[in-house]
Amino acid sequence: MLVSELATQIGAEFARGSDVDVTKVCALAEQCADGLSYVSSERYLRALGATGAAAVIVMPQHVDKAPCPCLISENPALAFARAVDLLHPRQEVAGGCHPSAVVAASANVDPSAWIGPLCFVDEDVRIGAGVEVGPGCVIQRGSVIGDGSRLVASVTVCAESLVGRRVLLHPGAVIGREGFGFARDDQRWVRIPQVGRVRLGDDVEVGANSAVDRGAIGETVIADGVKIDNLIQIGHNVFIGENTAMAACSGISGSTQIGRNCTIAGAVGMAGHLTIGDDVHFTGMAMVTRSFERAGTYSSGIPAMPGNDWRRNVARFRHLDEMARRLRRLEDEVAELRQAPPSEGRSP
Amino acid sequence: MLVSELATQIGAEFARGSDVDVTKVCALAEQCADGLSYVSSERYLRALGATGAAAVIVMPQHVDKAPCPCLISENPALAFARAVDLLHPRQEVAGGCHPSAVVAASANVDPSAWIGPLCFVDEDVRIGAGVEVGPGCVIQRGSVIGDGSRLVASVTVCAESLVGRRVLLHPGAVIGREGFGFARDDQRWVRIPQVGRVRLGDDVEVGANSAVDRGAIGETVIADGVKIDNLIQIGHNVFIGENTAMAACSGISGSTQIGRNCTIAGAVGMAGHLTIGDDVHFTGMAMVTRSFERAGTYSSGIPAMPGNDWRRNVARFRHLDEMARRLRRLEDEVAELRQAPPSEGRSP
Amino acid sequence: MLVSELATQIGAEFARGSDVDVTKVCALAEQCADGLSYVSSERYLRALGATGAAAVIVMPQHVDKAPCPCLISENPALAFARAVDLLHPRQEVAGGCHPSAVVAASANVDPSAWIGPLCFVDEDVRIGAGVEVGPGCVIQRGSVIGDGSRLVASVTVCAESLVGRRVLLHPGAVIGREGFGFARDDQRWVRIPQVGRVRLGDDVEVGANSAVDRGAIGETVIADGVKIDNLIQIGHNVFIGENTAMAACSGISGSTQIGRNCTIAGAVGMAGHLTIGDDVHFTGMAMVTRSFERAGTYSSGIPAMPGNDWRRNVARFRHLDEMARRLRRLEDEVAELRQAPPSEGRSP
């Protein structure tokens, strides 16, 4: 595809240089005579200067730095995402069920949906138009999968879960598990049956081996456009607002409410019953033990340092309260020294 | 069901108000003319006053606060758990094997057990009475599943694992993986074959996408009544004592022994070869690097704070040992100033 | 097997005592009249003295401490690993496909490979000699599994992934997921299709429920001999060098490059785009926010302590920057007191 034509289709402007053919995307550092790449931040400007790509998508102010034909966009990453879709189109699947799939009699599968090999679709499940259920998925009783959603492979959707449209569920994702709710009977734990469900909005993603538990009562809600990476745990009755994104290895305890447009970096842990506002950002490994309702960036944790330094500093941390008291006492003593004539102050 | 009748069945006392019908459980905040809810702590008293539930289970001292008929219990959560069982009974499964399941000739499956669609039950497996194996499960050679256990879906039980009675295994759980044991051969790692197994006691739960590794030699033991949430890693030869409960995202390294009735909050990490006593409680994200044999609550980690504050404080932490030394020196100097006549002390 | 014979086969020297028969391996603490155990560190010397094993593999300097026949090796763990292989040989599988497996017409499966029950092998997959694909695995379009690899059960290999020789993939592992890459379109996230792939070298292991994402463009590379434990996340375009080992629950963000022969303990988190050198070691729960190119051990985190101590110290940490300023001010004041005659300095 000529880059001039591609530019039109992805909403970019063909800027400069000869109208080369590109057939695929490539990394900036690759030598690739028919590859398209992009630069969306200052920190790749040096790599841009040395790129072996056939053409690059850049911001207007970076055109000068490129040694090759440019497509100009205010949002190169977005234009690039569209270009990948065009240059690397996903294979369309035809509707139907693989003969090895087991589909219950009462399941309602749209004729345009595909049910892959060795899948199980239980009673009263509804599968929308254009849905693609990859191999080895299990969709339990009464669940609904909205139009255009894709279950890549080996996904488990537990009973009564509601999955929106254009949702992407990665391998190993578990939607609608009966959550962790117990009553104590003396020392024993007695399970409180979890009778709620999960509702995933439209355009939601859930990553590989992540789990979203059903509500204890009522719903666990993942609103439209939320992106959940791999190995993430979402407890019962959590609410996550629109377009919030969570990186891998994080965990949200039960009943915590998270606002819209938040970003939660990797390995963040949140206690239960918290309220997190809109536009709140947590950096990696943050330990969230209280509500943060105001927009802003919040952090915690001690970044890694050489082991010897760490050991010494940690040993002092154990006595930090005592250090603070000694500091206060010293301040008093110095203040006294500064005020009183020394001879009087010291020998009563 | 009339609440008076329900009260009898769940061991509560019907206290006050008209004898309404309830058909389901509901959240305290819901408007639900036939719903039953409960309050087990002071912090929901305000919500109790505004509840739209038809009836609530409360502690004796909270009856006055309820605007609706009450069932009285000293342990409302436990009474509620029983009520959910009655109002939302799980569908009983009949015994048998789905025709798409693959069951080895030498497997011994109790006639009252159910083997779901697309399951694999290997040679020499024993499946007890009333067991329910949901769709897509794999049970490898020589494993035993005790009476009344339930594998929800997509569970993998590796060879020779012993699963007790009334055990609940959630989707994606992996029981009996060959653990992480290697010998070094110069720079290369050589796997030490793991010839032990896993033993799960009665009434154990293992959550979605959690893993319990087999013993290297001997057993990894999860004692009766232990509850393990989602995305938890249990290393080889770990022992977890009765009724200990672990919240999601935690990891226990090999050969660590944990006592009874402990609670381990989310995202806790434990080093290997530790000994943790009975009734020990770890708060969320605790980093457990040594044994704690005495009952009590143990914590670590720095809770999240605004990013700017965090950056400044972390920068100081890197010099905490130096700060402690400066504080000590200053204390000496001030003591000297206080004791010696200043003129003598300063100009030698 | 006589221990003298075993010694020859595992490269150890039969040292002392009668030439007993061993039939299995056992723990040092077990009473096992035909069991072989080993001691590879000083800290088990007391247990060695009390062992009930029939024979033990020990280092030369520990022979005196053993109450039973000894096999001598400079590397008892390695000799033991070989002994386990001999005493507990894994059952060989014959080549072929279980009748319940679904293998696409264009898949190229070596006749000596075994495809287990309820597996799906998609179009254009290549499976090498002696590969064992356990029950319930999914191998998607175009992937390659090298000779002698073993997929234990319930493994998902996504499209176009390259798996080396003698690779061991544990249950629930997900190889080649489309990673977490998005462009912003106003508040919405638009997926950037991930067109790269995963390349696992020879002798790699990936643990239960771990995930290795494919490259966004280009490859995610796990070099020869890398060992990845359970519940680990490897982001897109990560590179991990030869023989590096990672313990459970860790996560590596996208594009981070890790050297050879590193050890990464449990629950370590690494930010993206970092460079970690060869022979770098991170202790458990380390928070890695910057590159560490020099060999050495790096650490972070606050080890758990009694809850009351923790609360007090954490409260002080929030004011650490302020404490540091107060300390500095006090130093200045004391210096002033020491230099100036007190009367002049204080009453201007």
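As the structure is a computational prediction, the values presented were derived from the model and not from experiment.

**Brief notes about the overall build of chain A**
(1) Moving on: When its secondary structure is counted, chain A shows six helices and 38 strands.
(2) Moving on: Radius of gyration (C-alpha) of chain A: 28 Å, far over the 20 Å computed for a compact globule of 348 residues.
(3) Moving on: Residue burial in chain A is summarised as follows: out of 348 residues, 56% are buried.
(4) Moving on: Counting only contacts in chain A whose residues sit at least 6 apart along the sequence, the fraction spanning at least 24 positions is 20%.

**Brief notes about the relation of the copies chain C and chain A**
(1) Moving on: Placing chain C over chain A gives an RMSD of 0.0 Å and needs a rotation angle of 120°, together with 0.0 Å of translation along the axis. Both copies of the chain, as the preceding transformation shows, are related through a three-fold rotation axis.

**Quick word on the interface of chain C and chain A**
Interface size is commonly expressed as the accessible area that is lost once the parts come together.
(1) Moving on: Opposite the 64 residues of chain C that make contact, chain A presents 63 residues.
(2) Moving on: Where the side of chain C that touches chain A is concerned, the elements lending two or more residues are β19 (174–177), β20 (182–185), β21 (188–191), β36 (287–288), β37 (296–299), α4 (307–317), α5 (320–339) and α6 (342–346) of chain C.
(3) Moving on: Considering every element that reaches the side of chain C that touches chain A, the biggest residue donor is α5 of chain C, with seven residues.
(4) Moving on: Looking at the side of chain C that touches chain A residue by residue, the classes come out as 33 nonpolar, 20 polar and 11 charged.
(5) Moving on: Across two bridges, the pairing between strand β38 (residues 305–306) of chain A and β37 of chain C is antiparallel. Bridging across to β37 of chain C, M305 of chain A finds its partner in S299 of chain C.

**A few points about the interface of chain A and chain B**
(1) Moving on: Contact residues are listed per partner, giving 64 residues for chain A and 63 residues for chain B.
(2) Moving on: Listing elements by their share of the side of chain A that touches chain B, those giving two or more residues are β19 (174–177), β20 (182–185), β21 (188–191), β36 (287–288), β37 (296–299), α4 (307–317), α5 (320–339) and α6 (342–346) of chain A.
(3) Moving on: Per-element tally for the side of chain A that touches chain B: the top contributor is α5 of chain A, with seven residues.
(4) Moving on: The class makeup of the residues in the side of chain A that touches chain B is 33 nonpolar, 20 polar and 11 charged.

**Regarding the sheet that holds strand β5 (residues 70–72) of chain C**
The pairing of strands in a sheet comes from backbone hydrogen bonds and takes either a parallel or an antiparallel form.
All names here are of chain C.
(1) Moving on: Strand order in the open sheet made by the five strands is β1-β5-β4-β3-β2, with mixed pairing throughout. Edge positions in the open sheet fall to β1 (13–16) and β2 (24–25), since each of these has one partner strand only.
(2) Moving on: Relative to β5, strand β4 (residues 52–58) is paired through three bridges, and the arrangement is parallel. If you follow I57 over to β5, its bridge partner there is L71.
(3) Moving on: On the sheet, helix α1 (residues 3–10) packs against β1, β4 and β5 and is oriented at approximately 140° with respect to β1.

**Some remarks on the nonpolar core**
Across soluble globular proteins, nonpolar side chains show a tendency to be buried alongside one another.
(1) Moving on: Among the nonpolar cores identified, the biggest contains 267 residues, and V121 and I175 of chain A, V121 and I175 of chain B together with V121 and I175 of chain C are the most heavily contacted of them.
(2) Moving on: If near-sequence neighbours (up to four positions away) are discounted, V121 of chain C is found in contact with V103, A104, A107, V109, I115, I127 and I139 of chain C.
(3) Moving on: Membership of the second largest hydrophobic core comes to 33 residues, among which are A216 of chain B together with C32, L48 and L78 of chain C.

**Observations concerning the domain arrangement of chain A**
(1) Moving on: Per the domain assignment, the segments of chain A are domain 1 (3–87), domain 2 (96–298) and domain 3 (313–346).
(2) Moving on: Each of domain 2 of chain A and domain 3 of chain A was reduced to a C-alpha centroid, and the two centroids are 54 Å apart.

**Digging into the sheet that holds strand β14 (residues 144–145) of chain B**
Residues and elements named next belong to chain B.
(1) Moving on: What the nine strands build is an open sheet, ordered β8-β11-β14-β17-β22-β25-β28-β31-β34; its pairing is parallel. Both outer strands of the open sheet, β8 (108–109) and β34 (275–276), are each paired with one neighbouring strand and no more.
(2) Moving on: Note: strand β28 (residues 239–240) against strand β31 (residues 257–258), two bridges, orientation parallel. In the strand pairing of β31, I240 is matched with I258.

**Quick notes on the packing of helix α1 (residues 3–10) of chain B against helix α3 (residues 76–87) of chain B**
Residue and element names in this part refer to chain B.
(1) Moving on: Where α1 contacts α3, the two axes come as close as 9 Å, and the packing angle between them is 115°. Seen along the crossing, α1 lies across α3 with a hand that is right-handed. For the pair α1 and α3, contact is made by L6, Q9 and I10 and by A79, R82, A83 and L86, respectively.
(2) Moving on: Per-class residue counts for the contact of α1 with α3 are five nonpolar, one polar and one charged.

**What to know about the pairing of strand β21 (residues 188–191) of chain B**
Residues and elements named next belong to chain B.
(1) Moving on: Sheet topology note: the strand β20 (residues 182–185)/β21 ladder contains four bridges and is antiparallel. The residue bridging A183 from the neighbouring strand is V190, located in β21.
(2) Moving on: Between the end of β20 and the start of β21, which pair antiparallel, lie two residues, with D186 showing a positive phi angle near 60°.

**So, unusual backbone geometry**
Residues and elements named next belong to chain B.
(1) Moving on: Although it is not a glycine, E160 sits at a positive phi angle of roughly 70°.
(2) Moving on: Along the chain, E160 turns up in the loop between β16 (156–157) and β17 (162–163).
(3) Moving on: Despite not being glycine, M285 shows a phi value in the positive range, around 65°.
(4) Moving on: Counting through the fold element by element, M285 comes out in the loop between β35 (280–282) and β36 (287–288).

**Let's talk about the packing of α5 of chain A against α5 of chain C**
(1) Moving on: As a packed pair, α5 of chain A and α5 of chain C sit with axes 10 Å apart at the nearest point and diverge in direction by 30°. When the axis of α5 of chain A is compared with that of α5 of chain C, the two are roughly parallel. For the pair α5 of chain A and α5 of chain C, the sense of crossing is left-handed. Contacts between α5 of chain A and α5 of chain C involve A324, L327, L330, E331, V334, L337 and R338 of chain A from the former and M323, R326, L327, L330, E333, V334 and L337 of chain C from the latter.
(2) Moving on: Of the residues belonging to the contact of α5 of chain A with α5 of chain C, the class tally is 10 nonpolar, no polar and four charged.

**Some words on the environment of T8 of chain A**
(1) Moving on: Tracing the backbone through its elements, the reader meets T8 of chain A in helix α1 (residues 3–10).
(2) Moving on: Measuring from C-alpha to C-alpha, the distance between T8 of chain A and L71 of chain A comes to 9.7 Å, with 63 residues separating the pair along the chain.

**Looking at α4 of chain A**
(1) Moving on: Along α4 of chain A, the positions that sit buried rather than exposed are W310, N313, V314, R316 and F317 of chain A. One side of α4 of chain A holds all its buried residues, which, seen down the axis, span an arc of 155°. With respect to the buried face of α4 of chain A, the exposed residues turned more than 90 degrees away are N308 and A315 of chain A.
(2) Moving on: Elements that come into contact with the buried residues of α4 of chain A comprise β38 and α5 of chain A, α4 (307–317) and α5 (320–339) of chain B together with β37 and α4 of chain C.

**Brief notes about the environment of R316 of chain A**
(1) Moving on: Assignment of secondary structure puts R316 of chain A in helix α4.
(2) Moving on: Excluding residues within four positions of it along the chain, R316 of chain A makes contact with L320, D321 and A324 of chain B.

**A short note on the confidence of the model for chain A**
Residues and elements named next belong to chain A.
(1) Moving on: With 97% of its residues at a pLDDT of 70 or more, chain A shows a mean pLDDT of 95.
(2) Moving on: Low pLDDT (under 50) marks residues 343–348, which in the prediction has six contacts with non-local residues, meaning those over four places away or in another chain.
(3) Moving on: What the predictor reports for the complex is a pTM of 0.96 with an ipTM of 0.95.

**A few points about the environment of F120 of chain A**
Residue and element names in this part refer to chain A.
(1) Moving on: Take F120: it is sitting in strand β10 (residues 120–121).
(2) Moving on: Of the residues examined, F120 has 29 C-beta atoms within 10 Å and is grouped as buried.
(3) Moving on: Along the sequence, F120 and L231 sit 111 residues apart, while their C-alpha atoms lie 23 Å from each other.

Rules of the game
Residues numbered from 1 in each chain as written. Chains lettered and ligands numbered in written order. Predicted model: local features only at pLDDT ≥ 70, side-chain atom pairs only at ≥ 80, totals over all residues. Helix = DSSP H or I, 4+ residues; strand = E, 2+ residues; numbered from the N terminus. Rg over C-alpha atoms; globule rule 2.2 N^0.38 Å. Buried ≥ 20, exposed ≤ 12 C-beta atoms within 10 Å, placed from the backbone. Contact = placed C-beta atoms within 7 Å. Least-squares fit on C-alpha atoms with pLDDT ≥ 70 in both. Nonpolar A, V, L, I, M, F, W, Y, C, P; charged D, E, K, R; others polar. Pairing = 2+ DSSP bridges. Axes fitted to C-alpha atoms, helices over the stretch in contact; angles between N-to-C directions. Core = buried A, V, L, I, M, F, W, Y, C linked by C-beta atoms within 7 Å. Domains from an automatic or database assignment. Left-handed = near helix turned anticlockwise from the far one by under 90°. Parallel < 35°, antiparallel > 145°, perpendicular 65-115°, else oblique. Arc of directions from axis to C-beta. pLDDT = per-residue confidence, 0-100.

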